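Reading the structure
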Amino acid sequence: MPEPTCFENTPELWRASWPRLAVDTHKYRRGHVAVFSGGLASTGAARLAARASARIGAGAVTVLSPPDAILVHAVHLTSIMLRKTETVADACAFIRDRKVRAAVLGPGFGDDPKIYALVPALLDRRRSGEEFHGLVLDADGLTAFEDNPDALFQAAEKKGANALVLTPHEGEFHRLFPAIAEDTGLSKLDKVRAAARSANAIVVYKGPDTVIAAPDGRVAINMNGTPLLATAGSGDVLAGMAAGLIAQGMPAFEGAAAAVWLHADAARRFGQGLIAEDLPGMLPEVLRALAKE
Ligand SMILES: NC(=O)C1=CN([C@@H]2O[C@H](COP(=O)(O)OP(=O)(O)OC[C@H]3O[C@@H](n4cnc5c(N)ncnc54)[C@H](O)[C@@H]3O)[C@@H](O)[C@H]2O)[C@@H](O)CC1
Ligand SMILES: Nc1ncnc2c1ncn2[C@@H]1O[C@H](COP(=O)(O)OP(=O)(O)O)[C@@H](O)[C@H]1O
C-alpha cells in the first residue's frame, strides 16, 4: 500500500512535531523570528505578524525596519525588538549574528526592489547562517514576483536552500501561478499540489478551504475555517504564526498546517466582532485547549 499523501488538517497531522519547552531553554533557543517592515505609512502589518510569532511561542521576535519607520514602531513595540535595517547585507548579518530561525517578508512591505536580492539571500544558507530554517513569503512579497516567478522558484530549488513557505490568497495565487490557476481541469487540491512542486515551496493557498501542499506531494485540507477571518490583516497574523512555529523547530509543512488550524481556532473562539489585532491575544486560550486534547 502506498503511503497516504492527502490529509485533513487536524492536530493529529502535526502534533508529533509540536515544539516542547526544555527546562534549560532560553529565549533564542526557543526560536528567534525576524519580521521585515515596510516604510513609514505601512508598518501595521509587520507588527501584526510579529505579535503573532511571539504569542505562538517564539522566544524572541525582532521587527527589521527601514530608517523612516523606526519611530512609528518604537512607539508601538514593547517586548518585540526593533532593528534598523537598510540593506540586504544588514539583514543577513543580523539574521546570522542573532541566530534568527525564521523570517516573515511581505506584509506591508510595498514595492521596494530590494526584495529581489533579499529573497535569494534569505534562501541561501551561506548568507542566512546555519540556524535559519525558513522564510514565510506573503502579500507584497508574493506580488513582487508576478512578472518573474521563476526567479523565486529557482532560488528555492538550489541545493541546500532554506525552506520557503508561500501564503497566497486567490489573487496572489493567480499572480504567481497563472497557468495553474487558469487550468479549469484542476481542483483546488490539484492546483496547490502542482504549485508546490513548481515553486519548490510549501504553498498555503488561503480561502474558505485553505489547502497546504509540500513539493513532495503531501497535501492537507483545512476544515475549521470561518468567514470571521475575512478581515484585513488576518493573513499577516497567519504568516507570523507560521514563522513562529518554524522558528521553534517545526518542519515547514507541519508548521504551516498547524498555523492554519490554530489561526481558525482563534477566530472561532473569539467570534463576532473579530479584527486581526484580536487573533494573537486568543492564542494562549487556543494553546491551552490544544494541550488538554
Ligand atoms: N494593517 C495593515 O497594515 C494591513 C496591511 N495589509 C497589507 O496591505 C498590502 C496590500 O494587501 P492586499 O491584500 O489589499 O493586496 P492585494 O494586492 O492582494 O490586493 C487585493 C487585490 O487582490 C484581489 N483579490 C483576489 N482574490 C482575493 C482574495 N481572496 N483576497 C483578497 N484580495 C483578493 C482583490 O480583488 C484586490 O484587487 C499588503 O502588503 C498587505 O500585507 C493588509 O494585510 C491589510 C492590513
Ligand atoms: N470566507 C472565508 N472563510 C474562511 N477563511 C477565510 C475567508 N476569507 C478569508 N479567510 C482567511 O483569512 C485570511 C486572509 O488573509 P489575506 O487575504 O492575506 O488577508 P490580509 O492581506 O488582509 O491579511 C486567510 O487566512 C484566509 O484563509
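Details of the structure are given in the entry above.
To start, this report covers the structure provided alongside it. (Residues numbered from 1 in each chain as written. Chains lettered and ligands numbered in written order. Predicted model: local features only at pLDDT ≥ 70, side-chain atom pairs only at ≥ 80, totals over all residues. Heavy atoms only, no water.)

1. What to know about the site of ligand 2
Around ligand 2, a shell composed of 16 residues is seen, among which Lys206, Gly207, Leu229, Gly233 and Gly235 lie nearest. The contact in question runs from an oxygen atom of ligand 2 to an N or O atom on the side chain of Ser234, over 3.2 Å. Contact distances for ligand 2 include 2.7 Å between an oxygen atom and a backbone N or O atom of Gly235. When isolated, ligand 2 has an accessible area of 580 Å², and the protein chains bury 79% of it. Ranked by residue count, the leading element in the shell around ligand 2 is helix 13 (residues 234-247), at 4 residues. (Near = heavy atom within 4 Å. Polar contact = N/O pair within 3.5 Å; in protein donor to acceptor, adjacent residues only side chain to side chain. Areas by Shrake-Rupley, 256 points an atom, 1.4 Å probe, with all protein chains shown as cover. Helix = DSSP H or I, 4+ residues; strand = E, 2+ residues; numbered from the N terminus.)

2. Here we look at the nonpolar core
Trp14, Val35, Val165, Ile202, Ile212, Met241 and Leu262 are the most contacted members of the largest nonpolar core, which has 53 residues in total. Mapped onto this core, the elements with two or more residues apiece are strand 2 (32-36), helix 3 (44-55), strand 3 (60-65), strand 5 (102-105), strand 8 (202-205), helix 13, helix 14 (252-270) and helix 15 (278-292). Here this core takes 12 residues from helix 14, the largest share from any one element. Among residues more than four places away in sequence, those in contact with Trp14 are Asn9, Met250, Glu254, Ala257, Ala258, Trp261, Leu262 and Leu290. Grouped together as the second largest cluster of nonpolar side chains are 45 residues, Ala91, Ala156, Leu166 and Phe173 included. (Core = buried A, V, L, I, M, F, W, Y, C linked by side-chain atoms within 4.5 Å. Buried < 20%, exposed > 50% of the residue type's maximum accessible area, 1.4 Å probe, protein only. Contact = heavy atoms within 4.5 Å.)

3. Topic: the sheet that holds strand 3
Taken in spatial order, the 10 strands line up as 1-10-9-8-7-6-5-2-3-4 in an open sheet, and their pairing is mixed. Two strands in the sheet have a free side with no partner beyond their single neighbour: strand 1 (6-8) and strand 4 (81-84). Sheet twist, expressed as the mean angle between neighbouring strand axes with direction ignored, is 20°. The sheet contact formed by strand 3 and strand 4 spans 4 bridges and is parallel. When the sheet's bridge partners are listed, Ser65 is paired in strand 4 with Lys84. The strands touched by helix 5 (residues 88-97) are strand 2, strand 3 and strand 4; relative to strand 2, the strand with the most contacts, the crossing angle is about 165°. (Pairing = 2+ DSSP bridges. Axes fitted to C-alpha atoms, helices over the stretch in contact; angles between N-to-C directions.)

4. Details of the pairing of strand 8
Along strand 8, one buried face is formed by Ile202 and Val204 and the opposite face, lined by Val203 and Tyr205, is buried too. Two strands pair when backbone bridges link them, and strand 7 (residues 163-166) and strand 8 are joined in this way by 2 bridges, in the parallel orientation. Each residue of the ladder has a partner; that of Leu166, found in strand 8, is Val203. Across 3 bridges, strand 8 lies against strand 9 (residues 211-213) in antiparallel orientation. Counted as the bridge partner of Tyr205 is Val211 from strand 9. What sits between strand 8 and strand 9 in their antiparallel hairpin is a turn of 5 residues, with Gly207 showing a positive phi close to 145°.

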